[in-house]
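Chain residues, written in single-letter form:
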Amino acid sequence: MRFGGILVNDVWQELYKTVQSRKESHQEGSYTSYLFEKGIDKILKKCGEECSEVIIAAKNGDNAETVLEISDMLYHLTVLMVNQGISLEDVETELEKRSKKTGNLKTFHQVDKNS
């Protein structure tokens, strides 16, 4: 997908490489290095916070704010991926598998509350 002449995948690959380099060698003043120093609990807390902020911005109908929060969430998910040793290719492979699925709407169990 192109965005302003840049492949979106290229942007995410560059982000991934930058995050990976911060994990491999601490850089003073780097927020990413700080997250790795604090560990998985801090990284997961930030992922959760950003997810909540996406939900609130979307609920409020503020697309500009939603884009900002989605970007924050993707960044923190990238930090999580690097921390856990999950590659972009791992995610891409799963998304490709899912894109080939059709008719996979789950049926939900109906509960009769009057019984």
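Provided above is the structure to which this section pertains.
It should be emphasised that the depicted structure is a prediction, and the values quoted were computed from it without experimental measurement.

(A) Here's a closer look at the packing of helix H2 (residues 31-38) against helix H4 (residues 63-84). Running from amino to carboxyl end, H2 crosses H4 at an angle of 50°, the nearest separation of the two axes being 11 Å. Of the possible angle classes, the one that applies to H2 and H4 is oblique. In this structure, the crossing between H2 and H4 has a hand that is right-handed. The residues of H4 that touch H2, namely those facing Tyr31, Thr32, Leu35 and Phe36, are Tyr75, His76, Val79, Val82 and Asn83. The residue inventory of the contact of H2 with H4, partitioned by class, reads six nonpolar, three polar and no charged.

(B) Structural detail: the packing of aromatic side chains. Enumeration over the complete set of coordinates arrives at two aromatic pairs. Ring centres of Tyr31 and Tyr34 lie 6.0 Å apart, and the angle between their planes is 25°; on these two criteria the pair is classed as stacked. Here the residue Tyr31 and the residue Tyr34 both occupy positions in helix H2, the gap between them amounting to three residues, near one helical turn. Classification of Tyr31 as partly exposed rests on a relative accessible area of 34%. With relative accessibility at 31%, the residue Tyr34 sits in the partly exposed group. Taken together, the aromatic side chains of Tyr31, Tyr34 and Tyr75 make up a single cluster linked through ring pairs.

(C) Looking closely at the pattern of salt bridges. The full count for this structure, using the stated rule, is five salt bridges. For Glu49, the salt bridge identified is with Lys46, shortest N-O distance 3.0 Å. Taken together, the positions of Glu49 and Lys46, both in helix H3 (residues 40-59) and three residues apart, correspond to about one turn of that helix. The exposure class assigned to Lys46 is buried, which follows from its relative accessible area of 16%. Taken together, the shared-partner salt bridges in this structure form one network comprising Lys46, Glu49 and Glu50.

(D) Summary view of the environment of Val54. Inspection of the secondary structure assignment puts Val54 in helix H3. As for Val54 and Glu69, which are separated by 15 residues in sequence, their C-alpha atoms are 5.2 Å apart. Ignoring anything within four residues of it in the chain, the contact list for Val54 reads Glu69, Ile70 and Met73.

(E) Local environment of the nonpolar core. Ranked by size, the top nonpolar core spans twelve residues in total: Tyr16, Val19, Leu35, Phe36, Ile43, Cys47, Tyr75, Val79, Leu80, Met81, Val82 and Leu88. Among the elements that make up this core, the one with the highest residue count is H4 (five residues). Every residue in contact with Leu80, bar those within four places of it in the chain, is listed here: Ile40, Ile43, Leu44 and Cys47.

(F) Spotlight on a negative patch on the surface. Together, Glu53, Asp62, Glu65 and Asp72 make up a negatively charged patch on the protein surface. Relative to the helices and strands, Glu53 is located in helix H3.

Reading the values: the criteria
- Residues numbered from 1 in each chain as written.
- Predicted model: local features only at pLDDT ≥ 70, side-chain atom pairs only at ≥ 80, totals over all residues.
- Heavy atoms only, no water.
- Axes fitted to C-alpha atoms, helices over the stretch in contact; angles between N-to-C directions.
- Helix = DSSP H or I, 4+ residues; strand = E, 2+ residues; numbered from the N terminus.
- Parallel < 35°, antiparallel > 145°, perpendicular 65-115°, else oblique.
- Left-handed = near helix turned anticlockwise from the far one by under 90°.
- Contact = heavy atoms within 4.5 Å.
- Nonpolar A, V, L, I, M, F, W, Y, C, P; charged D, E, K, R; others polar.
- Phe/Tyr/Trp six-rings, centres within 6.5 Å; stacked < 30°, edge-to-face > 60°.
- Buried < 20%, exposed > 50% of the residue type's maximum accessible area, 1.4 Å probe, protein only.
- Salt bridge = Lys/Arg side-chain N within 4 Å of Asp/Glu carboxyl O.
- Core = buried A, V, L, I, M, F, W, Y, C linked by side-chain atoms within 4.5 Å.
- Patch = residues over 30% accessible without salt bridge, like charges linked within 9 Å, V, L, I, M, F, W, Y side chains within 5 Å.
- Areas by Shrake-Rupley, 256 points an atom, 1.4 Å probe, with all protein chains shown as cover.
- Lys, Arg positive; Asp, Glu negative; His and termini not counted.
- Charge placed at Lys NZ, Arg CZ, Asp CG, Glu CD.

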